[in-house]
Amino acid sequence: MDNKMFCFQCEQTAGCSGCTGNAGVCGKTADTANLQDELTGALIGLARACENNPHDESVTDVLIEGLFTTITNVNFNDETIKEITEKVRKKKYEVVPNCSICTAKCGNTDDYDVKKIWDADEDIRSLKSLILFGIRGMAAYAYHANVLGYRDDTVNNFFIKALCVLGYDMGKEALLPITMEVGEVNLRCMELLDKANTETYGTPTPVKVPLTVEKGPFIVITGHDLYDLKQLLEQTKDKGINIYTHGEMLPAHAYPELKKYTHLKGNFGTAWQNQQKEFDNIPAPVLFTTNCLMPVKESYADRVFTTEVVSYPEMVHIGEDKDFTPVIEKALELGGYDEDKHFTGINGGHEVVTGFAHGTVLSVADKVVEAVKNGDIKHFFLVGGCDGARPGRNYYTEFVKQTPKNSVILTLACGKYRFNDLELGEVAGLPRIMDMGQCNDAFSAIKVAVALAGAFDCSVNELPLSIVLSWYEQKAVCILLTLLHLGINNIHLGPTLPAFVSPNILDFLVENFGISPIGTPEGDLKKFLNMD
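1. Digging into the sheet that holds strand β17 (residues 492-494)
Read from one edge to the other, the open sheet built from six strands follows the order β15-β12-β11-β16-β17-β18, with strand pairing classed as parallel. Lying at the two open borders of the sheet, with one neighbouring strand each, are β15 (433-435) and β18 (516-517). The pairing of strand β11 (residues 379-385) with strand β16 (residues 465-470) spans six bridges and is classified as parallel. Along β16, the bridge assignment pairs glycine 385 with serine 470. Its contacts with the sheet place helix α14 (residues 394-402) against β11, β12 (407-411), β15, β16 and β17, and it is angled at close to 155° to β16.

2. Section: the nonpolar core
Ranked by internal contacts, the top residues of the largest apolar core, which has 151 residues, are Ile135, Phe159, Leu163, Leu229, Ile243 and Ile491. When residues in this core are grouped by element, the largest group, 14 residues, is from helix α5 (residues 122-147).

3. Some words on unusual backbone geometry
Note the cis peptide between asparagine 291 and cysteine 292, where omega equals 20°. Mapped onto the elements of the fold, cysteine 292 is located in the loop between β6 (286-288) and β7 (304-307). The backbone phi angle of asparagine 281 is positive, close to 55°, even though this residue is not glycine. As for its position among the elements, asparagine 281 is in the loop between α10 (275-278) and β6.

4. Quick look at the side chain of glutamate 308
Structurally, glutamate 308 is set in the loop between β7 and β8 (316-318). At a separation of 2.3 Å, a polar atom in the side chain of glutamate 308 contacts the side chain of tyrosine 143. In this structure, glutamate 308 is in contact with Tyr143, Val147, Asp225, Asp228, Thr289, His317, Ile318 and Lys322, ignoring residues within four places of it in sequence.

5. Quick notes on the packing of helix α7 (residues 172-201) against helix α16 (residues 474-485)
Between α7 and α16, the least distance of the axes is 7 Å, while the angle of their chain directions is 100°. One element, α7, and the other, α16, form an angle in the roughly perpendicular class. When α7 is examined against α16, the residues Thr179, Met180, Val182, Gly183, Glu184, Asn186, Leu187 and Met190 are found in contact with a partner set consisting of Cys478, Ile479, Leu481, Thr482, Leu484 and His485.

6. Structural notes on the sheet that holds strand β3 (residues 218-222)
The strand order across the open sheet built from six strands is β5-β4-β3-β6-β7-β8, with neighbouring strands paired in parallel fashion. Each having just a single partner strand, β5 (264-267) and β8 make up the two edges of the open sheet. Across the sheet, the axes of successive neighbouring strands diverge by a mean angle of 30°, strand direction being ignored. Seen against the sheet, helix α8 (residues 226-236) touches β3, β4 (242-246), β5, β6 and β7 and runs at an angle of roughly 170° to β3.

7. Some points on α14
Residue pairs three or four apart in sequence face the same way in an α-helix, which turns once every 3.6 residues. Those residues of α14 that sit buried are Tyr395, Tyr396, Thr397, Phe399 and Val400. On the buried face of α14, the contacting elements are β11, β12, β15, β16, β17 and α18 (521-529).

8. A look at the packing of helix α1 (residues 30-51) against helix α2 (residues 57-69)
For the pair α1 and α2, the least separation of the axes is 10 Å and the interaxial angle reads 160°. When the axis of α1 is compared with that of α2, the two are roughly antiparallel. Here α1 and α2 pass one another in a crossing that is left-handed. Between α1, through Gln36, Leu39, Leu43, Leu46, Ala47 and Cys50, and α2, the contact on the second element is made entirely by Val59, Val62, Leu63, Gly66, Leu67 and Thr69.

9. Focus: the side chain of asparagine 146
Here asparagine 146 lies in helix α5. Beyond its immediate chain neighbours, meaning those up to four positions away, asparagine 146 contacts Asp61, Ile64 and Arg151.

10. Quick notes on a negative patch on the surface
Residues Glu320, Asp321, Asp323 and Glu329 make up a contiguous surface patch of negative charge. Looking at the element boundaries, glutamate 320 is found in the loop between β8 and α11 (325-334). For glutamate 320, a relative accessible area of 80% corresponds to the exposed category.

11. Looking at the packing of aromatic side chains
The full count for this structure, using the stated rule, is 26 aromatic pairs. Residues tyrosine 201 and tyrosine 255 carry aromatic rings whose centres are separated by 6.2 Å and whose planes lie at 75° to one another, so their mutual orientation is edge-to-face. One end of the pair, tyrosine 201, is in helix α7; the other, tyrosine 255, is in the loop between β4 and α9 (256-259), with 54 residues separating them in the sequence. The two residues tyrosine 201 and tyrosine 255 agree in class, both being buried. Seen in terms of ring centroids, phenylalanine 508 and phenylalanine 513 are 6.3 Å apart; in terms of plane orientation they differ by 70°. Their pairing is edge-to-face. Its relative accessible area of 26% is what places phenylalanine 508 among the partly exposed residues. Clustering of aromatic rings is evident, with ring pairs tying together Phe218, Tyr244, Phe268, Phe279, Phe288, Tyr300, Tyr337 and Phe343.

12. Let's talk about the environment of arginine 418
Position of arginine 418 relative to the elements: it lies in the loop between β12 and β13 (426-427). Ignoring anything within four residues of it in the chain, the contact list for arginine 418 reads Gln273, Ile346, Asn347, Asp387, Gly388, Arg393, Asn394, Tyr396 and Thr397.

13. Side note on the pairing of strand β10 (residues 351-354)
Taking every second residue as pointing to the same face, the buried face of β10 carries Val352 and Thr354, while none of Glu351 and Val353 on the other face is buried. Note: strand β1 (residues 207-210) against β10, four bridges, orientation antiparallel. Along β10, the bridge assignment pairs proline 210 with glutamate 351.

14. Overview of the pattern of salt bridges
For the coordinates displayed, the defined rule picks out 27 salt bridges. Across the pair arginine 393 and glutamate 11 runs a salt bridge, and its minimum N-O distance is 3.2 Å. Placement of the pair is arginine 393 in the loop between β11 and α14 and glutamate 11 in the segment before α1, with a sequence separation of 382 residues. As far as the burial class goes, arginine 393 and glutamate 11 line up, both buried. A salt bridge links glutamate 351 to lysine 208, with the shortest nitrogen-to-oxygen separation between them at 3.9 Å. With glutamate 351 in strand β10 and lysine 208 in strand β1, this residue pair connects regions lying 143 residues apart in the sequence.

Definitions and cut-offs
Residues numbered from 1 in each chain as written. Predicted model: local features only at pLDDT ≥ 70, side-chain atom pairs only at ≥ 80, totals over all residues. Heavy atoms only, no water. Pairing = 2+ DSSP bridges. Helix = DSSP H or I, 4+ residues; strand = E, 2+ residues; numbered from the N terminus. Contact = heavy atoms within 4.5 Å. Axes fitted to C-alpha atoms, helices over the stretch in contact; angles between N-to-C directions. Core = buried A, V, L, I, M, F, W, Y, C linked by side-chain atoms within 4.5 Å. Buried < 20%, exposed > 50% of the residue type's maximum accessible area, 1.4 Å probe, protein only. Polar contact = N/O pair within 3.5 Å; in protein donor to acceptor, adjacent residues only side chain to side chain. Parallel < 35°, antiparallel > 145°, perpendicular 65-115°, else oblique. Left-handed = near helix turned anticlockwise from the far one by under 90°. Patch = residues over 30% accessible without salt bridge, like charges linked within 9 Å, V, L, I, M, F, W, Y side chains within 5 Å. Areas by Shrake-Rupley, 256 points an atom, 1.4 Å probe, with all protein chains shown as cover. Salt bridge = Lys/Arg side-chain N within 4 Å of Asp/Glu carboxyl O. Lys, Arg positive; Asp, Glu negative; His and termini not counted. Charge placed at Lys NZ, Arg CZ, Asp CG, Glu CD. Phe/Tyr/Trp six-rings, centres within 6.5 Å; stacked < 30°, edge-to-face > 60°.

Here it is as structure tokens:
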């Protein structure tokens, strides 16, 4: 490929084929994209070094950090990408110290040229992309679990296996089962993170979250890292500063060990793609703990802070000591709003509800089963995934609005902002919209579906359940592969199909799993309800 860059890992990729010019649609420059490829090549080299040599968990920690760094909208900073690349190489020579001085180099542990993947046969490229993007998404979940002290050898060893596979010459028949294995291991990884979060912060319970920002100093925290939120809450206690979640941090309000802080007040804004408008001249700092960070506008550049693997040129970064003093000082300096500011969701609602993770839903499983048997609940819809800026995502709003009153909508991840402020009432004494949490809480949806299938003595595919997913970045890829690993069929995906899925691989997914693109809300609902 004779391009300045090549990247097609996100849903918004240029022309639904790939970003190849001076910058990607996400805002990263060609230089940044190429440095991310170089980092990926170094990760493959480190994995190869580990294949036949002893190593400790510090190696997989570096692999996970490096993979997480390359997820869309995480790192726009060339210097920090270079630093992690050198960190990876240093770790490799700790594993195979003789390779750096070898005079008869075999090349086995050299950095891999990722262009070989992009230039490969389209079906090989497609499968290797599914593997690569899948483990990037899974790395985010493993990273958050690691922060809380939870690790899993099977998950860690698979990162090494999958990275090595990317550097091998393998055919479709050999790559397909490894692609499905990404989904299998990601299920284990999501379960690990679920355990880490619930054992650390308690089992989520439903809670109403206001969208009003009270007068006075405040901080907005966005991303997925609950540990960062806990540290920020501790450091702002009794300082007259309120804390508001944003984006994927919303479900934090449901955890007992987090909602006990009285200055965790509510949620600011909607999904990630609206941040440049919503943060414009905001009188408060914003702390980014993970993706999704967009290119920062001048009107709020002096109040953006990053931490963990998130990095942006010239923004203040909070290091491993987690001293949020600069964020706190900026909040006091800016002062917040002079009076309470009333915001709404995209449909005009003034509050949202979250906290319907598997612990809560399964505690009333008998009630749900009875309602289905009595005919009070006729259908379940899982409508979730990533939000994004591409036109056509209003499909999800209209779809949910048009669902029948005797149905339940399970949702998760930031795609819920398209409809989570709608007032759809209740069915059989249960709220019709149940927000199960962050994207990794797809594990909750899986647990609930499997439990319901067990209660009705049928398969998940035989339940009155339809799955409509929205996708944007790589965590959606590993979740999709997990659903396919579980044999779940007839998933509808949108707003577009991934550019990295070749026609032949798409045919395989259609023939074996019935995967299909979304259509119109009316047409898809008619199709789903006719399945009952």
